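# Notes for the structure review
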Amino acid sequence: MIRLRDIIRAGELKAIDTSKNSDMMRTLCNSIVSLCWRSSNGAPTTVCHWADGYPLNVHIYTALLRSIFSTRDETLVLDEVDELLELMKKTWSTLGFNKPMHNVCFAWVLFEQYVVTNQVEPDLLRAAFTMLSEVENDVKKSNRDETYMKILSSMLVVMQNWAEKKLLNYHEYFNRGTIGGIDNLLPLGILSTKILAECRRIETEEGKKGDVKVSDSSGNRIDHYIRSSMKNAFARINDNVKNATMGGRGEAYENLLQLAKETEDLAAQERELFSPILKKWHTTAGSIAAVTLHQCYGEVLKQHLAGTKMLNSEIVGVLQRAAKLEKVLVQMVVEDFDECGNGGKVIIREMMPYEVDTVTIRLLGQWIDERLKKGKKLLLSAKKTETWNPKSKTELYSHSAVELMALIKETVNDFFEIPIGVTEDLILDLAEGLEKIIEEYIIFVASCGSKQNYLPALPPLTRCNQDSMFSRFWKRASPCGVRVEDMHQLMTTKYQHPSPSTSIGTQCLYVRLNTFHYLITHIHSLDKTLAVSPRVLSKSRLSNRKQNVTSFSYFEQANQSIQSACEHVSEVAAYRLIFLDSSLVFYESLYAGSVTSSRLRPTLRILKENLTVLTTILTDQAQALAMKEVMKASFEAFLMVLLAGVPSRIFNRSDYEMIEEDFDSLKRVFCAIPEDVIQKEAEKAEGVISLMGQSTEQLIEDFSIVTCETSGIGFIGIGQKLPMPPTTGRWNRSDPNTILRVLCHRNDRTANLFLKKSFQLAKRNL
């Protein structure tokens, strides 16, 4: 072996002398003869062949086999192939060959020639498959020596790798023009895999671990080829789509649409070109391809939707396109059902639905939540910044209401712009969320205190002492005795030059009222938009609610809240106007000193001016309720002047007609209000005024009777005193406390003595 190596190396430096008497040739021949007659285990042999390392005889034999191809066209086999093969058979004893070894080498040469000639002659591949079939039979027989198995395994690994490189990516290597090639390649790839699996099994049985783990199931291999090639093809079109547009999120959705189209085209190509061939080997070939594409697109879709929190038209378009693709792929599986039986049902279980409807509803819910968050954020900002100044001279409502309703209107419009089928459940969910925001805003607008904040505290009950000589003398001597006169002078000035007394705070309350009616108008518009949408698909909860009411509203609770809030704010505004803004000219001035000198007329002039301000600021819809509340507050103030206007007020029985006349004048100020409403609210005041026209004796008698009735005494015994009736503030001619107050203000000695004797009431301090 050493001598042979030296000769070969020497030949690389200088050409070998091949003459008959050459020492180099003689040495070469001796070396070769020694190697040829040597056995692998050192035992004597009668056959001359190569036995060491990788057999040179295999290369020699494959070189001989290549001579069957034409030198003019290497894809053609010579007509004399049979004679040539017979001649080559004579070298078997010299080279240590046999029929199985010949079959292996011949299969390899045919395969190799197909590859080196650019794979243009399918007959060579078919011939290689035929020889490989012979090899399959040889492997099943016994007496397989180690050299044969080693050569066979090496050859099969190369053939399998070459074939599977194409089969695992057959969309890349085959097209409409070369589709026939896969029909020849598949048998070779499957058979080489099958034989290789058998070789590995044999090696395992003999205690030798195989280098390659393969499956001999043709169905499994076809399944593997289809899934791999579909994934590779999908990855290529996905990369191409991405490279075509390197943009933002909007382009990403365009990419998804394009990818869905090309995926559908790929599925159509598979069904038309490859599935008919692959079904010869695997009945569910079309289903496997469809399921694989479904999974591939589903993964990309899932990745894009993972970062999506809200629904828009672009996402809806992608989801709808995905649903269409899914329908096409499912149809491919269904078409295989008749041919593959239960196999198709097993395959279709792998298709995890895109659940487009579920995803759409989930994203739409997130979209609604996000819009509601914006509304809540705006509401929070309004609570911090709203000043209740009108938005403009022509738009006398709050700016925050304009912003809120604009956002809600935009939300509803955008909701119906989303190109999906809308269920009434979805509409109701949206409406309920919006209604909660509106109701919270209503509570905020109505948070303006209560009428109790403006009602003056009731002074303690005292008895009138205006007739005493001492009091008249004290009044003339007191330096403060000019207060009433100054008040009269002030009222005279205001009578001559009346001006409204409506404060900025009261005007802000009017803005709140206008805001409520602004909300009512826009809520009605929202109701109409939600109700008449032509894109509603189904009826459920909403339909049941509609059946229970004559006039259905999505914002029924909000409308009710606004009505209650309007009543509350109107009441507060009225009491603020009368008891705070107009206190100087009404509660503090009316009948101060005497009825004759301080009548109601100046107060009415200013009240009319205030009502003019009211009608100027308030919208038409808000005026009626606000006017009614001002009337009620005015009547309340009038009663408090009569019953709780101490210390500067005293009344004679003769004042009754003037007071009655003044009250009639007060009622006429509110002539815009229906007469029956005015009369209903005036009943209490008129009842109290009628008491002022009664005699003192009659008042004392009536007081005693009603006090006994309400206290449960029944009658007063000898030496027993009447109990002090509680102050309820609910003035009424039948209320004992009301009658008692009339007596306390009565400029009459009899009343004075009765009050002193019955209740020990002190004289009034002036």
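Computed from a predicted model, the values in this text were never measured in an experiment.

Let us look at the overall build of the chain. For the chain, the helix and strand inventory stands at 30 helices and zero strands. For the chain, buried positions account for 47% of its 766 residues. Sequence-distant contacts, at least 24 apart, represent 77% of the contacts inside the chain between residues at least 6 apart. Counting every atom, the chain has about 39,500 Å² of accessible surface; 53% of that belongs to carbon and sulfur.

This next bit is on the pattern of salt bridges. For the coordinates displayed, the defined rule picks out 21 salt bridges. Across the pair aspartate 223 and arginine 227 runs a salt bridge whose closest N-O atoms are separated by 2.5 Å. Separated by four residues within a single helix, aspartate 223 and arginine 227 lie in helix 11 (residues 218–244), roughly one turn from each other. Overall, the relative accessible area of 17% leaves arginine 227 in the buried class. Put simply, glutamate 661 and arginine 599 hold a salt bridge, and the shortest N to O gap is 3.6 Å. Of this pair, glutamate 661 sits in helix 26 (residues 656–669) while arginine 599 sits in the loop between helix 23 (556–581) and helix 24 (601–617), placing them 62 residues apart in sequence. Linked by salt bridges that have partners in common, Asp223, Arg227 and Glu350 make up one network.

If you walk through the whole model with that rule in mind, you get two cavities of 30 Å³ or more. Empty space within the largest cavity amounts to approximately 50 Å³. Broken down by class, the residue content of the lining of the largest cavity amounts to five nonpolar, two polar and two charged.

With that settled, the discussion passes to helix 26. If you check helix 26, its first and last C-alpha atoms are 20 Å apart, about what 14 residues at 1.5 Å a residue would give, namely 20 Å. All of the buried residues in helix 26 are Met658, Ile659, Asp662, Phe663, Ser665, Leu666, Lys667 and Val669. Residues of helix 26 that are buried sit in contact with helix 24, helix 25 (620–644) and helix 27 (675–692).

What follows is about the nonpolar core. In this structure, Tyr297, Phe516, Phe638 and Phe670 are the most contacted members of the largest nonpolar core, which totals 215 residues. For this core, the element with the highest residue contribution is helix 25, accounting for 14 residues.

In this section: the packing of helix 11 against helix 13 (residues 285–306). Packing of helix 11 against helix 13 brings their axes to within 9 Å, and their N-to-C directions diverge by 40°. In this structure, the crossing between helix 11 and helix 13 has a hand that is right-handed. For the pair helix 11 and helix 13, the contacting residues are Asp223, Ile226, Arg227, Met230, Lys231, Phe234 and Asn238 in the first and Ala285, Ile288, Ala289, Thr292, Leu293, Gln295, Cys296, Tyr297 and Val300 in the second. Looking at the contact of helix 11 with helix 13 residue by residue, the class counts come to 10 nonpolar, three polar and three charged.

Below, the discussion takes up the confidence of the model for the chain. Predicted coordinates in regions of low pLDDT should not be interpreted in detail. Taken as a whole, the chain shows an average pLDDT of 85; of its residues, 85% reach a score of 70 or greater. Every residue in residues 468–482 scores below 50 in pLDDT, and together they form eight contacts with partners more than four places removed in sequence or on other chains. Overall, residues 544–550 carries pLDDT values under 50, and its contacts beyond four positions in sequence, including any with other chains, amount to eight contacts.

Further remarks concern the side chain of aspartate 735. Inspection of the secondary structure puts aspartate 735 in the loop between helix 28 (696–711) and helix 29 (736–744). Arginine 741 provides the closest opposite charge to the buried, salt-bridge-free aspartate 735, at an N-O distance of 6.9 Å. Here threonine 738 takes part through its side chain, which lies 2.8 Å from a polar atom of the side chain of aspartate 735. If sequence neighbours within four positions are ignored, aspartate 735 has contacts with Thr728 and Arg730.

Next up on the list: the environment of leucine 188. Topologically, leucine 188 is positioned in helix 10 (residues 180–205). Aside from chain neighbours lying at most four places away, what touches leucine 188 is Phe111, Leu125, Phe129, Leu132 and Met159.

So, about the packing of aromatic side chains. In this structure the tally under the stated criterion is 20 aromatic pairs. Here the aromatic rings of tyrosine 297 and tyrosine 354 are separated by 6.2 Å at their centres, their planes lie at 50°, and the arrangement is tilted. In this pair, tyrosine 297 sits in helix 13 while tyrosine 354 sits in the loop between helix 15 (342–348) and helix 16 (356–385), placing the two residues 57 residues apart along the sequence. Taken as a pair, tyrosine 297 and tyrosine 354 share a single burial class, namely buried. One aromatic cluster in this structure is built from Tyr591, Phe635, Phe638, Phe651, Phe663 and Phe670. Taking NZ or CZ as reference, arginine 649 lies 5.7 Å from the ring centre of tyrosine 587, over its face.

To continue, consider the packing of helix 24 against helix 26. Contact geometry for helix 24 and helix 26: axes closest at 11 Å, N-to-C directions at 15°. In terms of orientation, helix 24 and helix 26 fall into the roughly parallel class. Viewed along their axes, helix 24 and helix 26 form a crossing whose handedness is right-handed. Between helix 24, through Leu604, Leu607, Lys608 and Leu611, and helix 26, the contact on the second element is made entirely by Ser665, Leu666 and Val669.

Another aspect to go through is a positive patch on the surface. On the surface, Lys309, Lys373, Lys376 and Lys436 cluster together to form a positively charged patch. Inspection of the secondary structure assignment puts lysine 436 in helix 18 (residues 424–446).

Criteria and cut-off values
- Residues numbered from 1 in each chain as written.
- Predicted model: local features only at pLDDT ≥ 70, side-chain atom pairs only at ≥ 80, totals over all residues.
- Heavy atoms only, no water.
- Helix = DSSP H or I, 4+ residues; strand = E, 2+ residues; numbered from the N terminus.
- Buried < 20%, exposed > 50% of the residue type's maximum accessible area, 1.4 Å probe, protein only.
- Contact = heavy atoms within 4.5 Å.
- Areas by Shrake-Rupley, 256 points an atom, 1.4 Å probe, with all protein chains shown as cover.
- Salt bridge = Lys/Arg side-chain N within 4 Å of Asp/Glu carboxyl O.
- 1 Å grid on protein atoms, 1.4 Å probe; cavity = no way out; pocket = protein on both sides within 12 Å on 5 of 7 lines; lining within 4 Å.
- Points joined across faces, edges and corners; volume = space filled by probe spheres on them.
- Nonpolar A, V, L, I, M, F, W, Y, C, P; charged D, E, K, R; others polar.
- Expected span 1.5 Å × (residues − 1).
- Core = buried A, V, L, I, M, F, W, Y, C linked by side-chain atoms within 4.5 Å.
- Axes fitted to C-alpha atoms, helices over the stretch in contact; angles between N-to-C directions.
- Left-handed = near helix turned anticlockwise from the far one by under 90°.
- pLDDT = per-residue confidence, 0-100.
- Lys, Arg positive; Asp, Glu negative; His and termini not counted.
- Polar contact = N/O pair within 3.5 Å; in protein donor to acceptor, adjacent residues only side chain to side chain.
- Phe/Tyr/Trp six-rings, centres within 6.5 Å; stacked < 30°, edge-to-face > 60°.
- Lys NZ or Arg CZ within 6 Å of the ring centre and 35° of its normal.
- Parallel < 35°, antiparallel > 145°, perpendicular 65-115°, else oblique.
- Patch = residues over 30% accessible without salt bridge, like charges linked within 9 Å, V, L, I, M, F, W, Y side chains within 5 Å.
- Charge placed at Lys NZ, Arg CZ, Asp CG, Glu CD.

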